[in-house]
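Understanding the architecture of this molecule
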Amino acid sequence: MQKVGMAEKPLHVRRFKTSLSQWVDDPGKNDHVPSYIKKDCNVKLTNNVGKTQNANRPIPKRRSTIMGRTNNESENNPAGTSGVSTASSGRIASTIRFLETQNIPAGTSTVLTSRLERNDSTIGDLESMNIPTCTNTVSRLRRTASSNKTLEQAYNASTQRRISDRTTETHQDQITVGHRTGESKTMRTLPRTQAPATLSTGYQETLNSALSSHSTASLQDIMDITRELHDNDTNTNVFNDFLPEIEQFGDVGQNQSADALKDLLIQHRNMTINPISSGDPLQMEVRRGNVLSDAITIIRISEHDLHNPLCIKFIGEDGVDIGGLRREFWSLFLHNISSSCYVTGKPGRQTFQQNFVEKKKKTFFHLGQLIALSILQDGPGLPIFSDIVTDYIINGETVVLNLDDLPDGLRDTLDKMQASASDSEARDIYSSVLDIAADVGFIVPLTSFTRCHVKQLKAAFIESQISSCKDELNQFIEGLDTHRVLSLLRQTENMASARSLFSGRVKPLTVSQLRGLIRYSFKDGNAKGAEEATMQGFLTFLQATKGTATIINGINLQPKDVLMWLTGSTIVPAIGFHKPIDVYFSPNNTFVNTCALALTLKTQPGLSPADAVSYYTELIINSQTFTKG
């Protein structure tokens, strides 16, 4: 009573103690009533004789079920109305007096339960007297009466709980209101949205206190159930069934898997990008050292120019772009974005960095637009993302969780946790990552952690690569559907091939694949022998890029560096090259035309294999297109 503010209201104190005292007289009710209340109530009842009876009228021992009346009604009913005669039944008369003291609004059909075996008899009395009742509540009473044990427990609850039960049991989907007249008995149904009549102030305060106690008890029940579920390993294992499988997805090829898409993308480009002959290209003049920032700046103001062919010019350099400069631009763009402030994570397993400012500037949307243009116009897409991010882009959901997406140190910690011999050992390891686990939303107390939680912890860490930057990813995906590119990639038959356009696990270009892109052209006559010997030296150099023979001053060439030198691209474009790389021979020098995809080799039949490797390695390292790292 002190908790709900009733202890300072004498009227309510007297009513509450009087109610308890009256109910104590009934056998079987003494167990839950403190002895000091019984003693104190006896004294109070003696002192209260002759005082106002509105506050402490005796409550009937028996709870019957009748139509309610207000305290404004008397034994002499007004003309035109019919009431329930007190002479009809002693039980009904006593209950009428009880309802009058509670100020229950007139016309409300309510059903109050009596004890155990009296339920059926009371309901039968009402039905024999044609007194309307709430059907839903009567049905509930009949079911309750069949379970004596449950009803006995409910019957021994506190007075506040009984008041709450009596009030809430009539709150069904509809409230039935009976209108009694001298001529007929009719029923009217009110929708649930129509509120019942307002209760009196004293009764409402008592009701609020009872509901408050009921809510506290319900919250405690929920906490107990939650604790039981948290301590139950079986429930944890059931939850694990809802998590995606944690495994490696498999290799993603060096855009060879995109070959199935190549013809489809070319056809889509022809429908969405104007021909080069239109004479109105999307001109991008960029600085070689600021390709990423310059490209984003230009695309922001080129919304109405996206259907025109892309034309690249590097500021301060000569050259006309007929394909080669465009491929070089996309390679530099890919290199810069993978080491920019827009992404985070280890190389090849990256995701977007949460960035409030750039998100508000719609930078990630414009990045998506640029990648859509890359896929259609000689670029490789954006193959830098982790598996889970790639899944989200292509499938719109998580398909497989790959532990390789995590930083190496964190993955090792999780592996040790999984292999721990006991829950105690797992907790010790879990304590070392407790803070970063909370950062990704994994809130499990150290004392409650078991080995069954390891799979959930792994999933939380991996899925944080999406949840931490979902707004940025969604913005990127929106921009990626420029020219309906993403819609094309998300078609069921294209999904597997499209992974290589975004997955950072694209396998590096192999020497065999590179040699398959080259087409030799030898002259007839005496020069053919010298040209074949020169070509053999170049193929020896290509073979050496598989090992350490091409390391000069600590720089190790790889096949992708050779491809960049020959074509301006480190990765085969999504739409492929428009022709093979033709190799010609000249007595003067060696040079490359990336636009025409042509290599001219200086005829040097006398070069030893070692000299040939050194010669071509130095050429590539000193070329303009070579980029360290």
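Keep in mind that what you see is a predicted model, and the values were worked out from it rather than measured.

1. Some points on the nonpolar core
In this structure, Phe 329, Phe 333 and Ile 393 are the most contacted members of the largest nonpolar core, which totals 77 residues. If near-sequence neighbours (up to four positions away) are discounted, Ile 393 is found in contact with Phe 385, Leu 473, Phe 476, Ile 477, Leu 480, Leu 486, Arg 490 and Phe 502. Ranked by size, the runner-up nonpolar core spans 31 residues in total, among them Phe 541, Ala 544, Ile 555 and Val 572.

2. What to know about the confidence of the model for the protein chain
On average, residues of the protein chain carry a pLDDT of 74, and 61% of them reach 70 or more. Strand S1 (residues 174-180) is the least confidently modelled element of the protein chain, averaging 36 in pLDDT, while helix H20 (residues 470-480) averages 97, the highest of any element. In the model, residues 48-57 has pLDDT below 50 throughout and makes 9 contacts with residues more than four positions away in sequence or in other chains.

3. With respect to the UniProt feature "domain: HECT" (unreviewed entry) in the protein chain
Following the UniProt record, the feature "domain: HECT" (unreviewed entry) maps to residues 302-337 here. A distance of 20 Å separates the end C-alpha atoms of residues 302-337, which is 39% helix and 14% strand.

4. A closer look at the sheet that holds strand S12 (residues 581-586)
Overall, mixed pairing links the 4 strands, which are arranged S9-S12-S14-S13 in an open sheet. Two strands bound the open sheet, and with one partner strand each, they are strand S9 (518-520) and strand S13 (591-593). The sheet shows a mean angle of 25° between the axes of neighbouring strands, taken without regard to direction. In this structure, S9 lies alongside S12, joined through 3 bridges in parallel fashion. Paired with Tyr 520 across the two strands is Val 583, which belongs to S12.

5. Remarks on the pattern of salt bridges
Pairs can form between side chains of opposite charge whenever their charged atoms are close. Considering all chains together, one arrives at 20 salt bridges under this definition. One salt bridge connects Asp 387 with Arg 499, and the closest N-O pair in it is separated by 3.7 Å. Here Asp 387 is found in helix H15 (residues 387-395), whereas its partner Arg 499 is found in the loop between helix H22 (495-498) and helix H23 (511-516), with 112 residues between them in sequence. The pair formed by Asp 387 and Arg 499 is uniform in burial state, with each residue classed as buried.

6. Some points on H20
Considered for burial, the residues of H20 that qualify are Glu 472, Leu 473, Gln 475, Phe 476, Ile 477, Gly 479 and Leu 480. The elements touched by buried residues of H20 are strand S7 (351-352), helix H13 (356-360), helix H14 (363-376), H15, helix H19 (454-467) and helix H21 (485-489).

7. Brief notes about the pairing of strand S4 (residues 282-286)
Covered by surrounding structure in S4 are Leu 282, Met 284 and Val 286 only, the residues Gln 283 and Glu 285 on the alternate face being uncovered. Bridging between S4 and strand S5 (residues 310-314) involves 5 bridges; their strand directions are parallel. Following the sheet pairing, Met 284 is matched in S5 by Ile 312. Note on the crossover from S4 through helix H11 (residues 291-300) to S5: the handedness is right-handed.

8. Some words on the packing of helix H24 (residues 527-544) against helix H26 (residues 609-621)
Between two packed helices, what matters for the description is the angle formed by their axes and the separation of those axes. Relative to each other, H24 and H26 sit at 70°, their axes nearing to 8 Å. It follows from the interaxial angle that H24 and H26 lie roughly perpendicular. Seen from H24, the contacting residues are Thr 534, Gly 537, Phe 538, Thr 540, Phe 541 and Ala 544; seen from H26, they are Pro 609, Ala 612, Val 613, Tyr 616, Thr 617 and Ile 620. Of the residues contributing to the contact of H24 with H26, the split by class is 8 nonpolar, 4 polar and no charged.

9. Focus on the packing of aromatic side chains
Within this structure, the stated rule accounts for 17 aromatic pairs. Ring centres of Tyr 430 and Phe 442 lie 6.1 Å apart, and the angle between their planes is 85°; this geometry places the pair in the edge-to-face category. Of this pair, Tyr 430 sits in helix H17 (residues 423-430) while Phe 442 sits in the loop between helix H18 (434-439) and H19, placing them 12 residues apart in sequence. Judged by centre distance (6.4 Å) and plane angle (80°), the ring pair of Phe 442 and Phe 449 falls under edge-to-face. Looking at Phe 449, the relative accessible area reads 0%, which means it is buried. Following the ring pairs from residue to residue traces out a cluster consisting of Tyr 342, Phe 352, Phe 364, Phe 385 and Phe 476. Directly above the ring of Phe 314 sits Arg 288, whose terminal nitrogen or CZ lies 4.3 Å from the centroid. Residue placement shows Lys 362 over the ring face of Phe 365; its charged tip is 4.3 Å from the ring centre.

10. Points about the side chain of His 483
Relative to the helices and strands, His 483 resides in the loop between H20 and H21. The residues contacting His 483, other than those within four sequence positions of it, are His 268, Thr 272, Ile 273, Leu 306, His 307, Leu 373 and Leu 376.

11. A word on unusual backbone geometry
Of note in the backbone geometry, Asp 378 takes a positive phi value of approximately 70° without being a glycine. As for its position among the elements, Asp 378 is in the loop between H14 and H15. Accessibility expressed as a relative area gives 10% for Asp 378, which makes it buried. Phi angles above zero are rare outside glycine, and Leu 597 is one such case at about 50°. If you trace the backbone, Leu 597 turns up in the loop between S13 and strand S14 (598-602). For Leu 597, a relative accessible area of 0% translates into the label buried.

12. A few points about the side chain of Thr 413
For Thr 413, the location among the structural elements is in helix H16 (residues 408-418). Assessed through its relative accessible area of 19%, Thr 413 is described here as buried.

13. Looking at the packing of H15 against H20
Where H15 meets H20, the axes come as close as 10 Å, and the angle between the chain directions of the two elements is 45°. As judged from the angle between their axes, H15 and H20 are oblique. When the axes of H15 and H20 are compared, the crossing they make is right-handed. The residues of H20 that touch H15, namely those facing Val 389, Tyr 392 and Ile 393, are Lys 470, Leu 473, Asn 474, Phe 476, Ile 477 and Leu 480. Partitioned by chemical class, the residues of the contact of H15 with H20 number 7 nonpolar, 1 polar and 1 charged.

14. Examining the pairing of S12
On any regular strand, side chains alternate: one points to one face of the sheet, the next to the other face. Along S12, 5 of the 6 residues are buried, which leaves the element largely enclosed by surrounding structure. Where S12 meets S14, 5 bridges bridge the pair, whose relative direction is parallel. In the sheet register, Ser 586 faces S14, and the bridge partner there is Lys 602.

15. Remarks on the state of the cysteines
Under the counting rule described, the total for this entry stands at 0 disulfides. Not engaged in a disulfide, the cysteine Cys 311 finds its nearest cysteine sulfur in Cys 595; these two sulfurs lie 9.7 Å apart.

16. Looking at H24
With 18 residues, H24 ought to run about 26 Å at 1.5 Å a step, and its terminal C-alpha atoms sit 26 Å apart, in line with that. Residues of H24 that are buried include every one of Glu 531, Thr 534, Met 535, Gly 537, Phe 538, Leu 539, Phe 541, Leu 542 and Ala 544, and no others. Buried-residue contacts for H24 involve H23, S9, helix H25 (559-567), S12, S14 and H26.

Definitions and cut-offs
- Within any chain, residue numbers begin from 1 and follow the written order of that chain's sequence.
- Per-residue local features of the predicted model are confined to residues with pLDDT of at least 70, and side-chain atom pairs are confined, for both listing and counting, to 80 or more; whole-chain, interface and lining totals are unaffected and use all residues.
- Calculation of side-chain values draws on the structure's entire complement of heavy atoms; hydrogens and water are dropped beforehand.
- We call a set of buried Ala, Val, Leu, Ile, Met, Phe, Trp, Tyr and Cys residues a nonpolar core when their side-chain atoms join them within 4.5 Å.
- Categorising residues by exposure relies on relative accessible area from a 1.4 Å probe, with only protein chains included: less than 20% of the type maximum marks a residue as buried, more than 50% marks it as exposed, and the intermediate range marks it as partly exposed.
- Contacts are residue-level and defined by heavy atoms, with any inter-residue pair within 4.5 Å sufficient.
- One confidence number per residue, pLDDT, is output by the predictor and ranges from 0 to 100.
- Each helix is a run of DSSP H or I of at least 4 residues and each strand a run of E of at least 2, with the numbering of both proceeding from the N terminus.
- UniProt positions are given in the numbering used here, feature names are shortened, and annotations may be inferred rather than shown by experiment.
- When DSSP finds at least two bridges between two strands, those strands are taken to pair.
- The convention used is that axes are lines fitted to C-alpha atoms, helices contributing only their stretch in contact, and that angles between N-to-C directions extend from 0 to 180 degrees.
- Whenever a carboxyl oxygen of Asp or Glu lies within 4 Å of a side-chain nitrogen of Lys or Arg, that contact is scored as a salt bridge.
- A right-handed crossover is one whose linking path, passing over the helix from the first strand to the second, runs clockwise when the strands point away from the viewer.
- With respect to orientation, any angle under 35 degrees is reported as roughly parallel, any angle over 145 as roughly antiparallel, any angle of 65 to 115 as roughly perpendicular, and every other angle as oblique.
- The nonpolar class holds Ala, Val, Leu, Ile, Met, Phe, Trp, Tyr, Cys and Pro. Asp, Glu, Lys and Arg form the charged class, and all remaining residues, Gly among them, are polar.
- Centres within 6.5 Å make a pair out of two Phe, Tyr or Trp rings, where for Trp the six-membered ring is used; the pair is then stacked when the planes are under 30 degrees apart, edge-to-face when over 60, and tilted otherwise.
- Geometrically, a charge over a ring is one whose NZ (Lys) or CZ (Arg) sits within 6 Å of the ring centre while staying within 35 degrees of the ring normal.
- It is the rotation of the near helix from the far one that decides the hand of a crossing: anticlockwise by less than a right angle makes it left-handed, clockwise makes it right-handed.
- When two cysteine sulfur atoms are found within 2.5 Å, that pair is recorded as a disulfide.
- To estimate the expected span of a helix, subtract one from its residue number and multiply by 1.5 Å.

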